[in-house]
Amino acid sequence: MVDLSAPSIFKAYDIRGLVESEITPDFAFGAGLAFARFLEQEREPGTMVIGEDMRPSSSSLAEAFSAGAISNGMDVIRIGLASTDMLYFASGKLNLPGVMITASHNPAEYNGIKLCKSGARPVGKETGLQTIERYVADGNPIIMRSIGVESQRNMVDEYVSHLLTLVDVSDIRPLKIVIDAGNAMAGYTAPPVFERINVEVIELYFELDGTFPNHEANPIDAANLKDLQKAVRKHKADIGLAFDGDADRCFLVDENGETVNPSALTALIAVRELAKHPKAGIIYNLISSRAVAEVVEENGGTAIRSRVGHSYIKKLMAETGAAFGGEHSGHFYFRDFWCADSGMLAALHAIAALGSQKSSLSKILKPYQRYFASDEINSTVTNPQKILARLEETFGQQDRVTIDHLDGLTVNAEAWWFNVRSSNTEPLLRLNVEAKTQARLDRVKDEVLAVIRS
């Protein structure tokens, strides 16, 4: 029986924990057994695809997971080094369940496992991960049947070719791009993509090194974008790209070295997707800027509001047939990519838009940047539900204010809105505020934080 001394490693959307003490080869073997058992019960295909990132422990964990799956009768295709969106591509193209060994943007001492069903369909807490957790905890008795077979397949060229069928960058003007790979998987996937495009690439930290010697591969933290911003200004580049550890998220820096609000990129891609799919649905999560819904409606689409979290967006895409979905965290989802998220595909959309006209990136994005927004503000609390009730009582009594509970508490007024929601894993409340003016933003933010931290 695998020792599941830290059940919190099973998160809402994946498995993630400390190497050696939580995520070990023994654990990965047990998880492979459990996933194979789960897939059989779900009547999934009898073969799975496994990819891995560049962390020092990833190869041994992938090997152990594969051994567990093979022991329970599954065949395994190992695709080796991969970004998470390349794993989704393999799962979609081959119509097989997939496994990605990665801890995404987490620090070097972590590793983890992302799972999906055939066609890149997500496996999260509500779609199988709790069952898999229970199987691991129970010890996974091996079902007596034939041992599976492991094979190898390199899918990099197929992945790149597929991306370039989804975004036309064949006739763009010459661009200078700085890419910060953070010593992570974009250092592996970006070169074969960008060598086929009319761009000059200035590389930052492309050497694969899962110890992250320069900075963590977590671009949502502004400190990790400083080197990219500096390089964009130094080289007078047209655009800067920053990817997270498994390269499923992408963040932009404009020609002035200023960070681009992910909601603005969501709006830009939405316009492009609506040109391909008129009147389509576009999903945005509820902490995205109001500008996203406005832009979607202005371009003839249907704006669909979602909870935060990729499993919710993917489920909503499947239910509604939406063409595209964007999250404020830098995840971008495409119906033409099996409803999965791809940082590289989002980057290609930005490059195609920039390269098809003479304007700078900041000018192209200006129509989508209509409001002032806070960064996400976290507060440690002992009783999140009590505070949410107090916030609702305090702000719900104001004139012309509406309230909803799609995800935490959202309070809407004509000139501002805020959302407060609980963390899935920590005793935290997460606050996002947006307003028409900076002064109003500061005032609302201070009023909300006063209630949260009183």
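On a predicted model such as this, the values are computed, not experimentally measured, just so you know.

(A) Structural view of the overall build of the protein. Within the protein one finds 14 helices and 22 strands. Relative to the 2.2 N^0.38 estimate, which gives 22 Å for 454 residues, the radius of gyration of the protein is 22 Å and therefore close to what a compact globule would have. In terms of overall dimensions, the protein has a C-alpha envelope of 65 × 55 × 45 Å along the principal axes. Looking at the protein as a whole, 59% of its 454 residues qualify as buried. Relative to all contacts within the protein whose residues are 6 or more apart in sequence, the contacts with residues 24 or more apart total 68%. Accessible area of the protein: about 18,300 Å², with a carbon and sulfur share of 48%. Side-chain charges in the protein split into 46 positive and 59 negative, and the spacing between the mean points of these groups amounts to 5 Å.

(B) Structural view of the packing of aromatic side chains. What the rule picks out here adds up to 11 aromatic pairs. Ring geometry for F35 versus F38: centroids 6.3 Å apart, planes at 15°, classification stacked. With F35 and F38 both in helix α1 (residues 25-41) and 3 residues apart, the pair spans about one turn of that helix. Given the relative accessible area of 0%, F35 is considered buried. The interplanar angle of 45° and the centroid separation of 5.2 Å between the aromatic rings of F324 and F334 together place this pair among those described as tilted. With F324 in strand β14 (residues 324-326) and F334 in strand β15 (residues 332-334), this residue pair connects regions lying 10 residues apart in the sequence.

(C) Examining helix α6 (residues 186-194) more closely. Within α6, 7 of the 9 residues are buried, which leaves the element mostly enclosed by the surrounding structure. Of the residues making up α6, those classed as buried are A186, G187, T189, A190, P192, V193 and F194. Tucked inside the fold, the buried residues of α6 contact α5 (156-166), β8 (175-180), β9 (199-204), β10 (239-243) and α11 (343-355).

(D) Representation of the pairing of strand β21 (residues 416-422) within the structure. Within β21, 6 of the 7 residues are buried, which leaves the element mostly enclosed by the surrounding structure. Relative to β21, strand β20 (residues 409-412) runs antiparallel, the two being bridged by 4 bridges. Among the inter-strand pairings, T410 is bridged to a residue of β21, identified as N419. As paired strands, β21 and strand β22 (residues 428-435) are joined by 7 bridges and run antiparallel to one another. From the neighbouring strand, R421 faces β22, where its bridge partner is R430.

(E) View of empty space enclosed by the protein. Tallying each qualifying case throughout the model produces 3 cavities of 30 Å³ or more. Taken as a whole, the largest cavity holds about 60 Å³ of empty space. Together, N261, S263, I287, S288, S289, H328, A373, S374, W417, N432, V433 and E434 line the largest cavity. For the lining of the largest cavity, the element with the highest residue contribution is β22, accounting for 3 residues. Classifying every residue of the lining of the largest cavity by side-chain character gives 4 nonpolar, 7 polar and 1 charged. Quantified by volume, the second largest cavity comes out at close to 40 Å³. Counting residues per element, the ones that place at least two in the lining of the second largest cavity are β11 (250-253) and α8 (262-276). For the lining of the second largest cavity, the per-class residue count stands at 7 nonpolar, 1 polar and no charged.

What counts as what
- Residues numbered from 1 in each chain as written.
- Predicted model: local features only at pLDDT ≥ 70, side-chain atom pairs only at ≥ 80, totals over all residues.
- Heavy atoms only, no water.
- Helix = DSSP H or I, 4+ residues; strand = E, 2+ residues; numbered from the N terminus.
- Rg over C-alpha atoms; globule rule 2.2 N^0.38 Å.
- Buried < 20%, exposed > 50% of the residue type's maximum accessible area, 1.4 Å probe, protein only.
- Contact = heavy atoms within 4.5 Å.
- Areas by Shrake-Rupley, 256 points an atom, 1.4 Å probe, with all protein chains shown as cover.
- Lys, Arg positive; Asp, Glu negative; His and termini not counted.
- Charge placed at Lys NZ, Arg CZ, Asp CG, Glu CD.
- Phe/Tyr/Trp six-rings, centres within 6.5 Å; stacked < 30°, edge-to-face > 60°.
- Pairing = 2+ DSSP bridges.
- 1 Å grid on protein atoms, 1.4 Å probe; cavity = no way out; pocket = protein on both sides within 12 Å on 5 of 7 lines; lining within 4 Å.
- Points joined across faces, edges and corners; volume = space filled by probe spheres on them.
- Nonpolar A, V, L, I, M, F, W, Y, C, P; charged D, E, K, R; others polar.

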